[in-house]
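Reading the structure
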Amino acid sequence: DTGVSQNPRHKITKRGQNVTFRCDPISEHNRLYWYRQTLGQGPEFLTYFQNEAQLEKSRLLSDRFSAERPKGSFSTLEIQRTEQGDSAMYLCAVGDRENEQYFGPGTRLTVT
Amino acid sequence: GENVEQHPSTLSVQEGDSAVIKCTYSDSASNYFPWYKQELGKRPQLIIDIRSNVGEKKDQRIAVTLNKTAKHFSLHITETQPEDSAVYFCAASTFDYKLSFGAGTTVTVRA
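Overview of the structure. Note that the coordinates shown come from a computational prediction; the quantities given were computed from them, not determined experimentally.

Along chain A, the regular secondary structure elements total 0 helices and 11 strands. Relative to a compact globule of 112 residues, whose C-alpha radius of gyration would be 13 Å, chain A shows 13 Å and is just as compact. Oriented by its inertia axes, the alpha-carbon framework of chain A measures out at about 40 × 25 × 20 Å. Looking at chain A residue by residue over its 112 residues, the buried ones come to 48%. When contacts within chain A are restricted to residue pairs at least 6 apart in sequence, those whose partners lie at least 24 apart make up 53%. Roughly 5700 Å² of accessible area belongs to chain A as shown, and the carbon and sulfur atoms make up 44% of that amount. One finds the centroid of the 15 positive side-chain charges in chain A at a distance of 7 Å from the centroid of its 14 negative side-chain charges.

Below you can see the structure in the form of structure tokens.
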């Protein structure tokens, strides 16, 4: 087990509502990543943190998305004013040694 | 940005035969190439990776090869078994660590 938990595992929300997801690495990891995966596609990079610093954000991450990693441990991803196009699996990954990344189980978001 | 293309999109093999998946990448600065296996409803699982200073790497029944000149890398699975059935993703990254994934290959191993 890679030692990453994500909560909630499933979230159904109505369009326009705000949602927040949480990623909890079981042990300390320097880097933490967020990806989004839609059905039939590979994960797409959203953002990543080196300790508590957010170092890069994808152009996919509109102003409605925000991520934090206070104290360099767990991380949260918030989506404001959700749209149907936000429906996807949101995956958290952690890494230490160079580029290796290990994924959590993901949060499946459905926007109705 | 990096663009990774993966072929084929689906692959059906007889149990015991070999399976080969090929990926190409666009950014010559890419230096890390992992492969992930994702079973239905589960997380992507890192199964093998290769770095740009190595041409080939093996781990039991799986192997990965890298051709930097041609900018392509491949996953080879030998003696396929039913539990090898899954979606396989290739990916590439540069020094910035973010992974760019291919679209995936659905592998079905027929008993």
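Following the structure, the description resumes.
On to the sheet that holds strand E8 (residues 72-77) of chain B, then. Residue and element names in this part refer to chain B. Reading across the sheet, the 5 strands line up as E1-E3-E8-E7-E6 and stay open at both edges, with antiparallel pairing between neighbours. Pairing within the sheet leaves two strands with one partner each, and these edge strands are strand E1 (4-7) and strand E6 (56-59). Averaged over all pairs of adjacent strands, the angle between their axes in this sheet comes to 15°, without regard to strand direction.

Taken together, the 24 residues of chain A in the interface contact 19 residues of chain B. Buried surface at the junction of chain A and chain B, summed over both partners, amounts to about 1800 Å²; 50% is from carbon and sulfur atoms. The largest share of the area that chain A buries against chain B comes from Asn99, Gln101 and Phe103 of chain A, three residues that together contribute 29% of it. On inspection of chain A and its partner chain B, the count reaches 2 salt bridges. At the boundary of chain A with chain B, the tally comes to 6 residue pairs in polar contact (both at pLDDT 80 or more). Broken down by secondary-structure element, the contributors of at least two residues to the side of chain A that touches chain B are strand E4 (31-37), strand E5 (44-50) and strand E10 (102-103) of chain A.

For the rest of this paragraph, the subject is the layout of surface pockets. Empty space within the largest pocket amounts to approximately 610 Å³. What lines the largest pocket is a set of 28 residues, and nearest its centre among them are Phe45 of chain A together with Glu2, Lys98, Leu99 and Ser100 of chain B. Taken together, the elements giving at least two residues each to the lining of the largest pocket come down to E5 and strand E6 (53-57) of chain A together with strand E10 (100-101) of chain B. Of the residues belonging to the lining of the largest pocket, the class tally is 8 nonpolar, 11 polar and 9 charged. Roughly 390 Å³ of volume is contained in the second largest pocket. Elements with a contribution of two residues or more to the lining of the second largest pocket: strand E9 (88-95) of chain A together with strand E9 (86-92) of chain B. Looking at the lining of the second largest pocket residue by residue, the class counts come to 8 nonpolar, 9 polar and 4 charged.

If charged atoms from side chains of opposite charge come close, those side chains can pair. Residues and elements named next belong to chain A. If you walk through the whole model with that rule in mind, you get 9 salt bridges over all chains. Across the salt bridge formed by Arg22 and Asp24, the nearest N and O atoms sit 2.6 Å from each other. Across the pair Asp86 and Arg64 runs a salt bridge whose closest N-O atoms are separated by 2.8 Å. In this pair, Asp86 is assigned in the loop between strand E8 (75-79) and E9 and Arg64 in the loop between E6 and strand E7 (65-68), connecting sequence segments 22 residues apart.

Calculation rules
Residues numbered from 1 in each chain as written. Chains lettered and ligands numbered in written order. Predicted model: local features only at pLDDT ≥ 70, side-chain atom pairs only at ≥ 80, totals over all residues. Heavy atoms only, no water. Helix = DSSP H or I, 4+ residues; strand = E, 2+ residues; numbered from the N terminus. Rg over C-alpha atoms; globule rule 2.2 N^0.38 Å. Buried < 20%, exposed > 50% of the residue type's maximum accessible area, 1.4 Å probe, protein only. Contact = heavy atoms within 4.5 Å. Areas by Shrake-Rupley, 256 points an atom, 1.4 Å probe, with all protein chains shown as cover. Lys, Arg positive; Asp, Glu negative; His and termini not counted. Charge placed at Lys NZ, Arg CZ, Asp CG, Glu CD. Pairing = 2+ DSSP bridges. Axes fitted to C-alpha atoms, helices over the stretch in contact; angles between N-to-C directions. Buried area = accessible area lost by both parts, 1.4 Å probe. Salt bridge = Lys/Arg side-chain N within 4 Å of Asp/Glu carboxyl O. Polar contact = N/O pair within 3.5 Å; in protein donor to acceptor, adjacent residues only side chain to side chain. 1 Å grid on protein atoms, 1.4 Å probe; cavity = no way out; pocket = protein on both sides within 12 Å on 5 of 7 lines; lining within 4 Å. Points joined across faces, edges and corners; volume = space filled by probe spheres on them. Nonpolar A, V, L, I, M, F, W, Y, C, P; charged D, E, K, R; others polar.

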